[in-house]
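What follows is the residue order along each chain.
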Amino acid sequence: MTSSRTLVLIPARMAATRLPGKPLLDIAGAPMIVHVLHRATAAGIGRVAVATDTPAIADAVRAHGGEVVMTRADHPSGSDRIHEALQNLDPDRSIETVINLQGDFPTIRPEQIGAVLPPLADPAVDIATLAAEIHTDEEATNPNVVKVVGSPIGPNLLRALYFTRATAPYGDGPRYHHIGLYAYRRAALERFVALPPSPLEQREKLEQLRALEAGMRIDVGIVDSVPRGVDTPADLETARRVLGG
């Protein structure tokens, strides 16, 4: 059921070095960003909008019936972009929960988007995110795969202790591939973007460590698979095969 207090924001910009113009690349007859927009809408969990600084992205989204909010071009991260978008879209502060959905997840399942919300049922949780269990050594040792280290606190639920590009934790047992989808309480997002970059964030190049270093609580819902992001031409061809174009 769609909530009037939940806002799904999809930050999108054109500056991708490995895949220039990524949000507007065609997949099965529609731009990639439009596929993500449709998946978010199908999740049925709240209002959906694309946050961008690029008129061509805005035009494409509007042409497919989507909502757009224009933001500044100088944001250092997607979190900063969605914070500005939230302020622009909701000056009356009726929105309580903001979901940051990456614009390069065209094959993400709608139910996976919705899966990021249940951890926020605990009022002690500031930010919720997702992960899936790692099943191969290649994935476990790949520094481009971010791992979440956490304490189990319930069925398919972890409390995050750390995020790393290293193979962790050590020893026998499951390891988890972090999925870059976040649900913020509004106050948590406002606090987060006001914090300076933290030492471990800068070392690991992982923005979410800023929140942990500041004592914010991140809980992690465990889902059955990692949605395929599109970062390379090979990823794009895979997405085209999956979506039939």
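Scroll up to find the structure.
Residues numbered from 1 in each chain as written. Predicted model: local features only at pLDDT ≥ 70, side-chain atom pairs only at ≥ 80, totals over all residues. Heavy atoms only, no water.

(A) Looking closely at the overall build of the protein chain. A tally of regular secondary structure across the protein chain gives nine helices and eleven strands. In terms of overall dimensions, the protein chain has C-alpha extents of about 50 × 45 × 35 Å along its principal axes. Within the span of the protein chain, comprising 245 residues, buried residues form 52% of the whole. Excluding contacts between residues fewer than 6 apart, the proportion of contacts in the protein chain whose partners are at least 24 apart in sequence is 68%. Total accessible area computed for the protein chain in this model is approximately 11,300 Å², and 52% of it derives from carbon and sulfur atoms. If you average the places of the 25 positive and of the 29 negative side-chain charges in the protein chain, the two averages end up 1 Å apart. (Helix = DSSP H or I, 4+ residues; strand = E, 2+ residues; numbered from the N terminus. Buried < 20%, exposed > 50% of the residue type's maximum accessible area, 1.4 Å probe, protein only. Contact = heavy atoms within 4.5 Å. Areas by Shrake-Rupley, 256 points an atom, 1.4 Å probe, with all protein chains shown as cover. Lys, Arg positive; Asp, Glu negative; His and termini not counted. Charge placed at Lys NZ, Arg CZ, Asp CG, Glu CD.)

(B) View of the packing of aromatic side chains. Per the counting criterion, the structure on display carries two aromatic pairs. When the centroid spacing of 6.0 Å and the interplanar angle of 35° are considered together, the rings of Tyr182 and Tyr184 count as tilted. For the pair Tyr182 and Tyr184, one class covers both residues: buried. With a centroid separation of 6.2 Å and 45° between ring planes, the pair formed by Tyr184 and Phe192 is classed as tilted. Accessibility classification places Tyr184 together with Phe192 in one group, the buried group. Through pairs of rings, three or more aromatic residues link up here, namely Tyr182, Tyr184 and Phe192. In this structure, Arg210 packs its charged tip against the face of Phe192, placed 4.6 Å from the ring centre. (Phe/Tyr/Trp six-rings, centres within 6.5 Å; stacked < 30°, edge-to-face > 60°. Lys NZ or Arg CZ within 6 Å of the ring centre and 35° of its normal.)

(C) Structural view of helix α1 (residues 32–43). Across its twelve residues, α1 extends 17 Å between first and last C-alpha, which sits within 8% of the 16 Å expected from 1.5 Å per residue. Every buried residue belonging to α1 is among Met32, Ile33, Val34, His35, Val36, Leu37, Ala40 and Ala43, and all of these are buried. Just downstream of α1, Gly44 is the residue with a positive phi angle, here 65°. (Expected span 1.5 Å × (residues − 1).)

(D) The pairing of strand β7 (residues 127–133), seen in detail. In terms of burial, β7 is largely enclosed, as six of its seven residues are buried. Judged from the seven bridges that link them, β7 and strand β10 (residues 176–185) form a sheet pairing that is antiparallel. Along β10, the bridge assignment pairs Leu130 with Ile179. Where β7 meets strand β11 (residues 218–223), six bridges bridge the pair, whose relative direction is parallel. Note that in β11 the partner of Ala132 across the bridge is Val223. (Pairing = 2+ DSSP bridges.)

(E) Inspection of the environment of Tyr182 at higher detail. Mapped onto the elements, Tyr182 comes out in strand β10. Through-space distance from the C-alpha of Tyr182 to that of Ile113 is 9.2 Å; in sequence the pair is 69 residues apart. Excluding anything up to four places from it in sequence, Tyr182 contacts Val98, Ile99, Asn100, Val116, Ile127, Ala128, Thr129 and Gln208. A distance of 3.3 Å separates a polar atom in the side chain of Tyr182 from a polar atom in the side chain of Gln208. (Polar contact = N/O pair within 3.5 Å; in protein donor to acceptor, adjacent residues only side chain to side chain.)

(F) Layout of helix α9 (residues 233–243). Residues of α9 that are buried include every one of Asp235, Leu236, Thr238 and Ala239, and no others. An end-on view of α9 places all buried positions within 160° of arc, on one side of the element. Away from its buried face, by an angle of more than 90 degrees, α9 presents the exposed residues Pro233, Ala234 and Arg241. Structurally, α9 contributes buried residues whose contacts are with β2 (26–27) and α1. (Arc of directions from axis to C-beta.)

(G) Seen up close, the nonpolar core. Residues Leu9, Ile127 and Phe163 are the most contacted members of the largest nonpolar core, which totals 33 residues. Those residues within four positions of Phe163 in sequence are excluded, and the remaining contacts are Thr129, Val146, Lys147, Val148, His178, Glu204, Leu206, Gln208, Leu209, Leu212 and Ile218. Judged by nonpolar contacts, the second largest core, of 32 residues, contains Ala30, Leu37, Ala40 and Val48. (Core = buried A, V, L, I, M, F, W, Y, C linked by side-chain atoms within 4.5 Å.)

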